[in-house]
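# Structural overview
This is what each chain is made of:
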Amino acid sequence: KKKYSDLVKFGKKKGKIGVIMSHRLVWEKCIKLNKPIFIFEDDIYFDKFTYNDLFLLYDNKDKWDIAWLGHCYETKKEKIIGNFYNSFRPRCRHAYLITPKGARIMLDNVNFLSNGDEQMGLIIYEKKIKSLSLYPPTVNQAWQTKEHSKQFISDT
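Presented here is a report on the structure given in the accompanying data block. (Residues numbered from 1 in each chain as written. Predicted model: local features only at pLDDT ≥ 70, side-chain atom pairs only at ≥ 80, totals over all residues. Heavy atoms only, no water.)

## Some words on the pattern of salt bridges
Enumeration according to the criterion identifies three salt bridges in this entry. Between Arg104 and Asp108 there is a salt bridge, with the nearest N and O atoms lying 3.0 Å from each other. Of this pair, Arg104 and Asp108 both sit in helix H4 (residues 100–109), four residues apart, which is roughly one turn of the helix. For Arg104, a relative accessible area of 39% translates into the label partly exposed. (Salt bridge = Lys/Arg side-chain N within 4 Å of Asp/Glu carboxyl O. Helix = DSSP H or I, 4+ residues; strand = E, 2+ residues; numbered from the N terminus. Buried < 20%, exposed > 50% of the residue type's maximum accessible area, 1.4 Å probe, protein only.)

## Focus: the nonpolar core
As a rule of thumb, soluble globular proteins bury nonpolar side chains together. Residues Trp27, Ile66, Tyr96, Ile98, Met106, Met120 and Ile129 are the most contacted members of the largest nonpolar core, which totals 17 residues. Among the elements of the structure, helix H2 (14–33), strand E1 (37–40), strand E3 (66–72), strand E6 (91–98), H4 and helix H5 (116–125) are those that each provide at least two residues to this core. Residue contacts for Met120: discarding those within four places in its chain leaves Trp27, Ile66, Trp68, Arg93, Tyr96, Met106 and Val110. Counting 13 residues, the second-largest nonpolar core is a separate cluster that includes Leu57, Ala67, Leu134 and Val139. (Core = buried A, V, L, I, M, F, W, Y, C linked by side-chain atoms within 4.5 Å. Contact = heavy atoms within 4.5 Å.)

## Examining the side chain of Ser131
For Ser131, the location among the structural elements is in strand E7 (residues 131–134). Only 3.0 Å separates the side chain of Ser131 from the side chain of Trp68, close enough to count as a polar contact. Here Ser87 takes part through its side chain, which lies 2.7 Å from a polar atom of the side chain of Ser131. With residues near it in sequence (within four places) discarded, Ser131 still touches Ile66, Trp68, Tyr85, Asn86, Ser87 and Ile124. (Polar contact = N/O pair within 3.5 Å; in protein donor to acceptor, adjacent residues only side chain to side chain.)

## A few points about the pairing of E7
Residues Ser131 and Ser133 of E7 are buried on one face, and the alternating residues Leu132 and Leu134, pointing to the opposite face, are buried as well. Pairing between strand E5 (residues 84–86) and E7: three bridges, direction antiparallel. By the bridge assignment for E7, Phe84 is matched with Leu134. (Pairing = 2+ DSSP bridges.)

## Concerning the environment of Lys130
With respect to the helices, strands and loops of the structure, Lys130 is situated in the loop between H5 and E7. For the pair Lys130 and Asp62, spaced 68 residues apart in the sequence, the C-alpha separation amounts to 9.0 Å. Among residues more than four places away in sequence, those in contact with Lys130 are Asp62, Lys63, Trp64, Asp65 and Ile66.

## Quick word on the packing of aromatic side chains
Tallied over the entire structure, the rule returns four aromatic pairs. Consider the rings of Phe38 and Phe40, whose centres lie 5.6 Å apart with planes at 10°: the pair is stacked. Assessed through its relative accessible area of 37%, Phe38 is described here as partly exposed. With a centroid separation of 5.0 Å and 45° between ring planes, the pair formed by Trp68 and Tyr96 is classed as tilted. Pair noted here: Trp68 is in strand E3 and Tyr96 is in strand E6, with a separation of 28 residues, a long-range link. When sorted by exposure, Trp68 lands in the same class as Tyr96, which is buried. (Phe/Tyr/Trp six-rings, centres within 6.5 Å; stacked < 30°, edge-to-face > 60°.)

## Quick notes on a nonpolar patch on the surface
On the surface, Phe88, Leu122 and Tyr125 cluster together to form a nonpolar patch covering roughly 250 Å² of accessible area. Along the chain, the position of Tyr125 falls in helix H5. For Tyr125, a relative accessible area of 43% puts it in the partly exposed group. (Patch = residues over 30% accessible without salt bridge, like charges linked within 9 Å, V, L, I, M, F, W, Y side chains within 5 Å. Areas by Shrake-Rupley, 256 points an atom, 1.4 Å probe, with all protein chains shown as cover.)

## Some details on unusual backbone geometry
Between Tyr135 and the following residue, Pro136, the backbone shows a cis peptide bond with an omega angle of -10°. For Asn34, which is not glycine, the phi torsion reads 55° and is therefore positive. Tracing the sequence through the fold places Asn34 in the loop between H2 and E1. At Lys127, a position not held by glycine, the phi torsion is positive, near 60°. Its place among the elements puts Lys127 in the loop between H5 and E7.

Structure, rendered in structure tokens:
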């Protein structure tokens, strides 16, 4: 496990360290509880969110280890269930649901000294994990639209 001081020496800023450690802690909690967990970062807003998408995930647990409710720079691929498609290589990790199996895969494969969302995308691209992406995404980050860009200011 990497320590906070290792991240600082590598040149990571406080906000990036906070994001890295927060995701890691939630993945560990997911494994400990043995239940899927939602991960939402603090600079998000919901757009046309429906519970039907979540019910579909619940009813089709065998089809995914991680499901992106929000993403960026993603390419739409094969439709799997409802509005969920096979993920290609999503970026941004502001809104997703992860299973204990998915959390273990991420913990074992993400190097926290570099960009976590890029590495998560690579793990998906290499098909080391079953990943679905919701189209259109229903959870966005503030920077993705001018309407919300000034609404959230975060230093974590």
